[in-house]
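Results of the structural survey
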Amino acid sequence: AELAKAAAGDDPNVAGEAIEALARIGGPEAERIIRSRLSARDPFLRMAALDALNRREALIPWDDLAPLLEDRLLRRVAISALGRTSRMEALEPLFLALEESTVHVVGAAAAAIARLMAHSTFVREAAVARLLTMNDRARTWLRAVLTSSSEAEARRAAAELLSRAKDVEALSLIVAHLSNDAPPPSTIGALREWGSEAVEPMLALVPTLESGHERAVALDLTADSAL
């Protein structure tokens, strides 16, 4: 109760510390109090509340998130939360974020899209349709995430999205990723959806791979695609 009063106060420093303490306590009531500060006039408090909820991986209603997307600074932090909304509306800002010029932002957007697809068949179908027509800029940045992001979730999401996009230029990167990381079923399933389309580019890729393990992975994927 005391933290709730402090979080609702006008002093941004005190309110920010209260938000941080509530995030450590956790629970539905604490998250409700923190969410109430997403509409604070002070941008520092809005940022503190959004960051706290992200660390809790709390579900933030779309109506609370949508206004934050208009603020460029907050929009970058809101990207991760969009993946927990299960809402079709979240796809538009997330696909725009794939064209941002930083690995961190694109990685967060990729992870959010992957989360959305995992929780809704309807959203996944819409996302796949957009991935297949994705522009070169977004594809290039997703490849950069796959090769250089320090976040494992971002790399796995980039591999899945590039697989669903049927990005031939990324095949060698995807195979390398699958060879070095535990391959998530979603990415393997996305590659299998290529069907016979994957056979020719995958066979062309095999002789160029230096690692025997990577060649084995590529041949396995080729065999799966040919079935």
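The notes below deal with the structure included here. Just so it is clear, the structure is predicted and the values come from calculations on it, not from any experiment.

The subject of this paragraph is the overall build of the protein. Each helix and strand counted, the protein has 15 helices and zero strands in total. Relative to its 227 residues, the protein shows a buried fraction of 49%. Nonlocal contacts in the protein, meaning residues at least 24 apart in sequence, comprise 62% of its contacts between residues at least 6 apart. Carbon and sulfur atoms form 53% of the exposed surface of the protein, whose accessible area is close to 11,200 Å². The averaged location of the 33 negative side-chain charges in the protein is 3 Å from the averaged location of its 26 positive side-chain charges.

The subject of this paragraph is the pattern of salt bridges. The tally for this structure, following the rule as stated, stands at 19 salt bridges. With its nearest N and O atoms 3.2 Å apart, the salt bridge here joins Glu153 to Arg115. Highlighted residues: Glu153 in helix H11 (residues 152–164) and Arg115 in helix H8 (residues 103–119), separated in sequence by 38 residues. For Glu153, a relative accessible area of 41% translates into the label partly exposed. With relative accessibility at 22%, the residue Arg115 sits in the partly exposed group. Three or more residues are tied together by salt bridges with common partners; here these are Glu20, Arg24, Asp51 and Arg55.

It is worth spelling out the side chain of Thr85 at this point. You can see Thr85 is positioned in the loop between helix H6 (72–82) and helix H7 (91–97). Since its relative accessible area comes to 10%, Thr85 is described here as buried. A polar contact of 2.8 Å, which involves the side chain of Thr85, links it to the backbone oxygen of Leu82. Not counting the four nearest positions on each side in its chain, Thr85 is found in contact with Leu59, Ile60, Leu65, Ala90 and Leu116.

Relative to the assigned elements, Arg139 resides in helix H10 (residues 136–148). Non-local contacts of Arg139, meaning those with residues more than four positions away in its chain, are made with Leu131, Leu132, Met134, Leu162, Ala165, Lys166 and Asp167.

This paragraph deals with the packing of H8 against helix H9 (residues 121–132). Interaxial distance between H8 and H9 falls to 6 Å at its minimum, and their mutual angle equals 135 degrees. Classified by the interaxial angle, the pair formed by H8 and H9 is oblique. Where H8 abuts H9, its residues Ile113, Leu116, Met117 and His119 lie against Thr121, Val123, Arg124, Ala127, Val128 and Leu131. Residue composition of the contact of H8 with H9, by class: seven nonpolar, two polar and one charged.

Right, let's talk about the packing of H8 against H11 for a bit. Contact pair H8 / H11: the axes reach a minimum separation of 8 Å and the direction vectors enclose 65 degrees. Between H8 and H11, the angle is such that the two are roughly perpendicular. In terms of crossing hand, the pair formed by H8 and H11 is left-handed. Here H8 contributes Gly107, Ala110, Ala111, Ile113, Ala114, Arg115 and Met117 to the contact with H11, which in turn contributes Glu153, Ala154, Ala157, Ala158, Glu160, Leu161 and Arg164. Of the residues that constitute the contact of H8 with H11, the class distribution is nine nonpolar, one polar and four charged.

Let's shift gears to the nonpolar core. Formed by 78 residues in total, the largest nonpolar core has its most connected members in Leu94, Leu98 and Leu142. Element by element, the count of residues in this core is highest for H8, at 11 residues. Once residues lying within four places of it in the same chain are set aside, the contact partners of Leu94 are Ile79, Leu82, Ala109, Ala112, Ile113 and Leu116.

The rules behind each value
- Residues numbered from 1 in each chain as written.
- Predicted model: local features only at pLDDT ≥ 70, side-chain atom pairs only at ≥ 80, totals over all residues.
- Heavy atoms only, no water.
- Helix = DSSP H or I, 4+ residues; strand = E, 2+ residues; numbered from the N terminus.
- Buried < 20%, exposed > 50% of the residue type's maximum accessible area, 1.4 Å probe, protein only.
- Contact = heavy atoms within 4.5 Å.
- Areas by Shrake-Rupley, 256 points an atom, 1.4 Å probe, with all protein chains shown as cover.
- Lys, Arg positive; Asp, Glu negative; His and termini not counted.
- Charge placed at Lys NZ, Arg CZ, Asp CG, Glu CD.
- Salt bridge = Lys/Arg side-chain N within 4 Å of Asp/Glu carboxyl O.
- Polar contact = N/O pair within 3.5 Å; in protein donor to acceptor, adjacent residues only side chain to side chain.
- Axes fitted to C-alpha atoms, helices over the stretch in contact; angles between N-to-C directions.
- Parallel < 35°, antiparallel > 145°, perpendicular 65-115°, else oblique.
- Nonpolar A, V, L, I, M, F, W, Y, C, P; charged D, E, K, R; others polar.
- Left-handed = near helix turned anticlockwise from the far one by under 90°.
- Core = buried A, V, L, I, M, F, W, Y, C linked by side-chain atoms within 4.5 Å.

Note that all results are geometric; they support no functional claim without further evidence.
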